[in-house]
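Here's the letter readout for the chains.
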Amino acid sequence: MAEGMVVRGLRRVRTLLAEGSAPRGLEGRRLVRVRDLLHECASGIGGEVSARQRAGRLAEAYLRLNDEGRATFLRIVATEFGPDPQQVARAHAEYQAAIGSDAQWTAESALRKAMRSSRLRILTQFNTLPQGVKFLVDLRADLLRYVETDPALRSLDRELETRLSAWFDVGFLELQRITWSSPAALLEKLIEYEAVHEIRSWSDLKNRLDSDRRCYAFFHPRMPMEPLIFVEVALTDHLADNVQTLLDEHAPVFDAQRASTAIFYSISNTQIGLRGVSFGNFLLKRVVDDLKRDYPRLISFATLSPLPSLRRWSEKTPDAWQQAFNQADIERIKRHLAPETPTPEGADDLPKLLADDRWANDERLARALQHGLTRLAARYLLATGKGGRPYDPVARFHLGNGARIERLNYLADTSARGREQSYGLMVNYLYDPDTIETNVEAFSRSGEIAAAAAIRRSARD
């Protein structure tokens, strides 16, 4: 009964907030009460039912707080419930003195115990609530915002990330296929969480779930209606090179039984609070196995992926334009400019020209820009940043999973977002079962980037 009261309490609070009930700060008697409840949670007073009721009251209090109040709440947890420095110092001294003796392992255990913070007990008690796992995921999403300006929260963030990594181990997750017959509430989540190509309508979503498409998601048993990550797949007979064509609602439905290629065209992480908890690579492997079982004719598995930071990288790397566009390219571009368009004197002027998105609709000008922009994108994909890893975040993901950069596709995404991110370019990453493990090993060992010869030639030209 107590558990049911807690669930109803959390639901009631979420409903009130959704309806516009004003959140409040954490001060005065409310602050004293919350701090007392935290100390009771940390000390473990009472039995299991009392612990759940306390955690439920704390969660309800947290959900009612405004942004400033939540930041204060988390700072209290982070700074007042850490390990006792004196106990850690004593345990460390005893461990140092015991090294090499039979007492070393007992001293090590005591040191580990001393370093455990009360924060873990508080977090674990939230986890026992029926909606506690989702509550903690959302709480960390708040924490990630606050930690950028409050370093005191970093220890709490690391502890919570470690806990979530254990609770969301891939062994606990369930792979499910999402179809048009799935519950409406779940389909609404797909529309809400789609992060790559916006789902514009229910007919758009229905098209993405048609017989020549597949959508798979990972779920946690404690969050059955919350997809953690999902991938959208198109079954085709070729390496897709244009996302507008792929998402065309009026295109005829392809006979999936004739499919030779599976195109992963959108992968979306849905829970901000699970940042740093990686399971995307396991999702792709499981999906490939599922597809191969259902469609034995499939021989190619590839993506049609965005280049989300190409434009930002190019604007920060002026030399890249001079290396990508030679004088012949510039002269060709000049010949196809509209009369009212400012004439670029050199490659450095091209970002200004491309700031006006109308260039993509001018067929001759777009063709004149193709060679240089493709070369620019190839250099970008092979560029490395901090730690010698690829600058592009999507490239880091797919290369780390054993894919190869296969082909660049010019004006493959002419949406406003596609032009804004990458001047409309997209890239195919190919997952070749015969080379995946070799690529993973080379990338993880030395950062070696697997890329088709055409990509490397384009970057050198």
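Before any of the text, the structure's been laid out above.
These numbers come from a predicted model, not from an experiment. (Residues numbered from 1 in each chain as written. Predicted model: local features only at pLDDT ≥ 70, side-chain atom pairs only at ≥ 80, totals over all residues. Heavy atoms only, no water.)

(A) Spotlight on the packing of helix α3 (residues 48–64) against helix α4 (residues 67–80). At a minimum axis separation of 8 Å, α3 and α4 run at an interaxial angle of 140°. Relative to α4, α3 is oriented oblique. Across from Leu58, Tyr62 and Leu63 in α3, the residues of α4 making contact are Arg70, Phe73 and Leu74. For the contact of α3 with α4, a count of residues per class yields five nonpolar, no polar and one charged. (Axes fitted to C-alpha atoms, helices over the stretch in contact; angles between N-to-C directions. Helix = DSSP H or I, 4+ residues; strand = E, 2+ residues; numbered from the N terminus. Parallel < 35°, antiparallel > 145°, perpendicular 65-115°, else oblique. Contact = heavy atoms within 4.5 Å. Nonpolar A, V, L, I, M, F, W, Y, C, P; charged D, E, K, R; others polar.)

(B) Just the pattern of salt bridges, in detail. For the structure on display, the rule yields 30 salt bridges. For Arg404, the salt bridge is made with Glu406, and the minimal N-O distance between the two is 2.8 Å. (Salt bridge = Lys/Arg side-chain N within 4 Å of Asp/Glu carboxyl O.)

(C) The layout of surface pockets, seen in detail. A volume near 1100 Å³ is recorded for the largest pocket. When contributions to the lining of the largest pocket are tallied by element, the ones reaching two or more residues are β4 (261–269), α13 (280–294), β6 (305–306), α19 (393–400) and α20 (416–422). (1 Å grid on protein atoms, 1.4 Å probe; cavity = no way out; pocket = protein on both sides within 12 Å on 5 of 7 lines; lining within 4 Å. Points joined across faces, edges and corners; volume = space filled by probe spheres on them.)

(D) Quick look at the packing of aromatic side chains. For the structure shown, the criterion picks out nine aromatic pairs. Relative to Phe73, the ring of Tyr62 has its centre 5.1 Å away and its plane inclined at 65°; by these criteria the two rings are edge-to-face. Note that Tyr62 is positioned in helix α3 and Phe73 in helix α4, a separation of 11 residues in sequence. When sorted by exposure, Tyr62 lands in the same class as Phe73, which is buried. Aromatic pair Trp321 and Phe325: ring centres 5.8 Å apart, planes at 15°, arrangement stacked. Assigned by exposure class, Trp321 and Phe325 land together as buried. Through pairs of rings, three or more aromatic residues link up here, namely Tyr62, Phe73, Phe126 and Phe135. Sitting above the plane of the Phe282 ring, Lys285 keeps its charged end 5.9 Å from the centroid. (Phe/Tyr/Trp six-rings, centres within 6.5 Å; stacked < 30°, edge-to-face > 60°. Buried < 20%, exposed > 50% of the residue type's maximum accessible area, 1.4 Å probe, protein only. Lys NZ or Arg CZ within 6 Å of the ring centre and 35° of its normal.)

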